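Single-letter residue listing:
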Amino acid sequence: MGHSMPLLHSISEVRAAIRQARLAGRTVGLVPTMGALHEGHLSLLAAARERGDFLVVSIFVNPTQFSPREDFTTYPRTLEADVEACRAAGGDLVFAPSVEEMYPAGFCTTVRVQGLTEGLCGRFRPGHFDGVTTVVCKLLDIVQPDRAYFGLKDYQQFVVLRRMVLDLDLPVEMVPCPTVREADGLAMSSRNRHLTPEQRRVAPRLHQALQAGSEVLRQGGTGEQAIAAVQEFLSKEPEFRVQYIEAVNPETLEPRLQTGRPVVLAVAAYLGETRLIDNLRVD
Ligand code: PAF
């Protein structure tokens, strides 16, 4: 048996536990998640461990970042396995609040980052980033970590949250962590477990398409040409329903269709009912 690790459901219990950790001289790291943990999440936990932070993992499938048409009810929920994975990875505390704990009756505040949320995923998921910024703002306030760790697979999410932290003067260091991939290149995602074996077989094409696009950029091509290369690659796989392919400035997320570096190439596509996203940065 490894160490025991509390699973807490209330904000007041979490605050008390963190107070104790602070009194013991610990710095605090937060890894916010929606559970269904995979190697990508575990790499965030490992990054926090490396810094020696008292490691808090939040597990909360946040309803406000799903639109009524999206997969809130079918989003994978594997709390028991997640808690065990956090314990095994050296987590110090799991915070798994109920929806009522986070959004009690009468809750009516939204934290919104403008501009950065309008393109890419924001264009197809209206209200999504308002849900993300609101819940992460609450989590940062509840835990008050020194550092918070996020995966770069959700590139726009990281840029939006970093802006929120700057704009609201939240005293936390935002730590971006590289996308973790399966051996065949597929970016790890909790949603991958919804893929059928056939969809799983073609899913790595998304990453390969981005590699084809980044090769165009490396050869001196424009953003527009890179997008066309990604599009052409994906058109060979009729299973994909592409939502967007974009080349953007990594800081402003504005389209970078001509030359100019660095560039983030980003893509979103459906395989069946499962929406996958991925991105690659070219410097
Ligand atoms: O990336 C996620 O898992 C979620 O969007 C987050 C940051 C935990 C907010 O619910």
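This structure is a prediction, so every number in the text was calculated from the model and none was measured.

What counts and what doesn't
Each chain carries its own residue numbering, running from 1 in the direction its sequence is written. Side-chain atom pairs in this predicted model are given and counted only at pLDDT of 80 or more, local residue features only at pLDDT of at least 70, and totals for whole chains, interfaces and linings cover all residues. Processing note: side-chain calculations cover all non-hydrogen atoms of the structure and skip hydrogens and water entirely. Any two strands between which DSSP finds at least two bridges are classified as paired. Helix numbers and strand numbers start at the N terminus; a helix is a DSSP run of H or I with at least 4 residues, a strand a run of E with at least 2. Only heavy atoms matter for contacts: two residues are in contact if any of them lie within 4.5 Å across the pair. Under this scheme, a helix contributes an axis fitted over its contacting stretch, all axes are lines through C-alpha atoms, and angles between N-to-C directions fall in the 0 to 180 degree range. Lining residues are those with an atom within 4 Å of a point, where the points come from a 1 Å grid over the protein atoms alone and group into cavities, where a 1.4 Å probe fits but cannot get out, or pockets, open sets with protein on both sides within 12 Å along at least five of seven lines. Grid points are joined across faces, edges and corners, and a volume is the space filled by probe spheres set on the points. Pairing of aromatic rings covers Phe, Tyr and Trp, the last through its six-membered ring, and needs centres within 6.5 Å; plane angles under 30 degrees mean stacked, over 60 mean edge-to-face, and all others mean tilted. Residue exposure (1.4 Å probe, protein chains only): buried if accessible area is under 20% of the type maximum, exposed if over 50%, otherwise partly exposed. To be near a molecule or strand, a residue needs just one of its heavy atoms within 4 Å of it. Any pair of nitrogen or oxygen atoms within 3.5 Å is treated as a polar contact; in protein, a donor-acceptor pairing is required on top of that, and neighbouring residues in sequence qualify only through side-chain atoms on both sides. We get accessible surface area from the Shrake-Rupley algorithm with a probe of 1.4 Å; when it comes to residues, only the shown protein chains can shield them. Three categories are distinguished: nonpolar for Ala, Val, Leu, Ile, Met, Phe, Trp, Tyr, Cys and Pro, charged for Asp, Glu, Lys and Arg, and polar for the others, with Gly belonging to the last. Working rule for helices: expected span equals 1.5 Å times residues minus one. As used here, the arc belongs to the directions running from the helix axis to the C-beta atoms.

Caption draft 1: Representation of the sheet that holds strand β6 (residues 173–177) in the model. Read from one edge of the open sheet, six strands run β1-β4-β3-β2-β5-β6, paired in parallel fashion. The sheet is open, and its two edges are formed by β1 (7–8) and β6, each paired on a single side. Packing against the sheet, helix α2 (residues 39–50) makes contact with β2 (28–33), β3 (54–59), β5 (147–151) and β6, and its axis sits at approximately 150 degrees to β5.

Caption draft 2: Highlighting empty space enclosed by the protein. Using the criterion set out here, one finds one cavity of 30 Å³ or more in the structure. Taken as a whole, the largest cavity spans an internal volume of roughly 50 Å³. As for the largest cavity, its lining consists of Lys153, Leu186, Ala187, Ser189, Asn192, Ala203, Leu206, His207, Leu276, Ile277 and Asp278. Looking at the lining of the largest cavity, the elements with two or more residues in it are α9 (205–218) and β9 (274–282). Take the lining of the largest cavity: its biggest share by element is three residues, from β9.

Caption draft 3: Quick peek at the packing of aromatic side chains. Under the defined criterion, the tally for this structure stands at six aromatic pairs. Look at Phe60 and Tyr103: their rings are 6.2 Å apart centre to centre, the planes differ by 45 degrees, and that puts the pair in the tilted class. Separated by 43 residues along the polypeptide, Phe60 in the loop between β3 and α3 (79–88) and Tyr103 in the loop between α4 (99–102) and α5 (120–124) bring together distant segments of the chain. The exposure classification of Phe60 matches that of Tyr103, with both residues buried. Linked through ring pairs, Phe60, Tyr103 and Phe107 together constitute an aromatic cluster.

Caption draft 4: Layout of the site of the ligand. Near the ligand the following residues occur: Pro32, Thr33, Met34, Asn62, Gln65, Val135, Val136, Asp154 and Gln157. Within the contact set of the ligand, an oxygen atom lies 2.6 Å away from a side-chain nitrogen or oxygen of Gln65. Contacts to the ligand include Gln157, whose side-chain N or O atom sits 2.7 Å from an oxygen atom. Surface burial for the ligand is 89%, taken as the share of its 290 Å² of free accessible area covered by protein chains. Counting only elements with at least two residues in the shell around the ligand, the list comes to β2 and α6 (128–143). In terms of residue class, the shell around the ligand is built from four nonpolar, four polar and one charged.

Caption draft 5: Looking closely at helix α10 (residues 223–235). Here α10 contains 13 residues, and its C-alpha end-to-end distance of 18 Å stays within 8% of the 18 Å for a straight helix at 1.5 Å per residue. Of all the positions in α10, only Gly223, Ala226, Ile227, Ala229, Val230 and Leu234 are classed as buried. Down the axis of α10, the sector holding all buried residues measures 160 degrees, keeping them to one side. Structural note: α10 exposes Glu232 and Ser235 on the side pointing more than 90 degrees away from its buried face. Buried residues belonging to α10 abut α9, β7 (240–248) and β8 (263–271).

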